[in-house]
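Analysis of the macromolecular model
Each chain, written out:
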Amino acid sequence: MGRSNPIIRFGTLCALILPFGGCADDPIDAVSETLTGSESDGTTTTGPGETSGTGATVSTETSSTSTTTSTSTTTSTTTEATTTTTETTTTGDETSGDATSGTGDPDDGIAIPGCGDHVLVADGPLQWGGIYAEQDFADFCAHYDGIDGDLDLYNPLYPIDKVEYAPMLDLAGLSCLRCVTGELRIEHALLTGLGGLEGLTYAGALDLRELPDLVSLDGLAGLKEVGGTLRISTKMGITFSSALTSLVGLDALIRVGALEIIESDALLSLEGVGALTQVGELVIKDNRVLKDLDGLLGLTEASRVEIRDNDALSHLHGLSGLAGPVEALTLDDNPLLLDLLGAPAIAANGSLRITGSPELVGLWGLPPLPEDLTHVVLVDLPKVQSLASLAGLKRLHGTLQIEGCGSLDDLSGLEDLESVAGALVLQDNASLQSVTALAGLSGAQPRALTVAGSPLLTSLDGLQGITAIRGVGDDWSELAPDCYEMDLSIEGLGIADLGGLSGLQAIGSEHPATLELGDLPALQDLTGLGALDSIPYLWIHDNPALANIDALASLTVSEGIAIIDNDALVDLKGLGSLLKVGASGLTIIDNLTLASLDSLTGLTAIAGTLKIANNCALTDADATALAAAILEGGGVIGSVEIDGNGGLCQP
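Notes on the structure in this doc start here.

The rules behind each value
Residues numbered from 1 in each chain as written. Predicted model: local features only at pLDDT ≥ 70, side-chain atom pairs only at ≥ 80, totals over all residues. Heavy atoms only, no water. Patch = residues over 30% accessible without salt bridge, like charges linked within 9 Å, V, L, I, M, F, W, Y side chains within 5 Å. Areas by Shrake-Rupley, 256 points an atom, 1.4 Å probe, with all protein chains shown as cover. Salt bridge = Lys/Arg side-chain N within 4 Å of Asp/Glu carboxyl O. Helix = DSSP H or I, 4+ residues; strand = E, 2+ residues; numbered from the N terminus. Expected span 1.5 Å × (residues − 1). Buried < 20%, exposed > 50% of the residue type's maximum accessible area, 1.4 Å probe, protein only. Arc of directions from axis to C-beta. Contact = heavy atoms within 4.5 Å. Disulfide = S-S within 2.5 Å. Core = buried A, V, L, I, M, F, W, Y, C linked by side-chain atoms within 4.5 Å.

1. Observations regarding a nonpolar patch on the surface
On the surface, Leu341, Val361 and Trp364 cluster together into a nonpolar patch covering about 270 Å² of accessible area. In this structure, Leu341 sits in the loop between β16 (326-332) and β17 (346-355).

Rendered as structure tokens:
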């Protein structure tokens, strides 16, 4: 495809569209439509210091004390942009003069935020790449040294319209570029370095993405500040790993809005950012061979820290320079992390999350916590034996989740805790034997409670102060982002009764909620739930020793009941006060010794399904008689399913 009349498309998205068929009908936000003048009246507009075909001149005179810039620009007859004349005089730190630009004309000699004074700025966004990138660079540098907006430098991954694209192999032609006020994106390119960008001192954001051949950042040696996010993610898909081993080349960088180092498979260290002192959010994620964070030792300020999925990372010493607290500390899935020495302090109402660190031997090294936090999440930390580092924590405005901490035998360290506004989740802690450290909790909180998967836990003492589980409802993802939706779940424990829940009076007082009692092999009755008077959903399942549910005698269930696979249960006397069941219906199945449904004869309505099946000591006739009694008494049943009762069963 030829290029006899190259069109400059500064200020539009057309700089790379010519290979796709052109966009000659679009408005041209540039000084000229063509550099060759082949379709003009002989007048060609030029950059600073050059003479046009009609004698128009752009000149610049500079001394140590003053700078005078005079620009007279005449567009060709084929150009749709507006003529602009700008005169600016600067003496010392003062600027005077008039700067008026028409659509797309250069802002000559004015101060652009992040770019300083006297930058000739083209309007973005711009896109350059492929076979014509070198010419586009030359066209740009003939007129400008800054971009007010975004710049995207990339190679198309696949030919389009059967046009093959030569790869963009270097950026040498952009040596004029001093600043980009928007985002500078360099992606999908076969670049080994960034040479040509040495003059760049500021970018509104910088995204280096999918650059598998990149081995050096030396071309960014002049970069001092990135106003938004600096993202380095050099791996391309699942096929091409990256080649970048360090951040050397960013030595002048002092401040970034956010720093994200992601999926750089060859990155061994963060060496090269030693001058960096301030970041907003720091994200170090999915770097397979990164062993330490020591390159960040100069960092003194960060608002949030996320260190995630770094397979070789063993310590956090590189964060030890952070002087102030962070709003959130997230340490997820760093399998070789040994300790928390160097971890930053967490600000009041901030969050702490540590997961997937099987070699972490304790929480020591964590600075003292404030009295108030939002979330504390500790998941899959099998070697952590103590929560002493959490001492002093009094209030959680979100979730407390302790899960998969197999060496933890009690919750010592949480004695000061007074409230958990979201979910309290204690799950799959195989050695847990006591929850008495939670005795400070009282009132209608937490909004959800799960105690599950701790077979050595024989008592719920410590939870007596909880009077209501309000339910989470639609707020679940915010208040309990890592938990499954079960408002009160007691499952997989070694308890024989529910005495630790003796203060509980209501479940679902604000949102529909479920009480689940399941997989409790030693549970014989429901002693402890006598004060409970209302609940939307009740689910009792897989409790082989449960002989009666009499403690529920005063309970009202509004939505649904499921009694499933409780081999020792002989009757349902605890449900004798029930009058109505809602749309989720009444399910009674697989209860080996259940012999009577007489206590349910007071039911007047089941809005959902009545399902009675596979209860060996009952007969289908017994179940049918219950349904008939409800209907004959003027009651309503949504539907009836009765099957397999009275058959041969094995315990």
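Still more ground to cover, so stick around.
2. Regarding helix α3 (residues 620-632)
Compared with an ideal rise of 1.5 Å per residue, which puts 13 residues at 18 Å, α3 spans 18 Å between its outermost C-alpha atoms and is within 8% of the ideal. Those residues of α3 that sit buried are Ala623, Leu626, Ala627 and Ile630. What you see down the axis of α3 is that its buried residues fit within an arc of 90°, all on one side. Opposite the packed face of α3, turned more than 90 degrees from it, sit the exposed residues Ala621 and Glu632. Buried residues along α3 sit in contact with β32 (605-613) and β33 (636-643). Just past α3, the residue Gly634 takes up positive phi, approximately 90°.

3. A short note on the pattern of salt bridges
What the rule picks out here adds up to 19 salt bridges. With a shortest N-O distance of 4.0 Å, Arg231 and Asp207 are connected by a salt bridge. Here Arg231 is found in strand β12 (residues 225-233), whereas its partner Asp207 is found in strand β11 (residues 202-209), with 24 residues between them in sequence. Owing to a relative accessible area of 4%, Asp207 belongs among the buried residues under this scheme.

4. Thoughts on helix α1 (residues 133-141)
Within α1, burial applies to Ala133, Asp136, Phe137, Asp139 and Phe140. Around the axis of α1, the buried residues are gathered within 165° of arc, so they sit on the same side.

5. Description of the state of the cysteines
Inspection of the entire model under this criterion finds one disulfide. Each disulfide pairs two cysteine sulfurs, and for Cys141 the partner residue is Cys176, the sulfurs being separated by 2.0 Å. On the sign convention where negative means left-handed, the S-S torsion of about -70° between Cys141 and Cys176 marks this disulfide as left-handed. Of the two residues, Cys141 is situated in helix α1 and Cys176 in the loop between β9 (151-154) and β10 (179-187); the sequence distance between them amounts to 35 residues. Relative accessible area serves as the criterion here: at 24%, Cys141 is assigned to the partly exposed category.

6. Points about the nonpolar core
Among the nonpolar cores identified, the biggest contains 148 residues, and Leu411 and Ile490 are the most heavily contacted of them. Here this core gets four residues from one element, more than from any other, and that element is α3. Ile490 has contacts with Val451, Leu460, Ile495, Leu498, Leu501, Glu516, Leu517, Gly518 and Leu520, leaving out every residue within four places of it along the chain.

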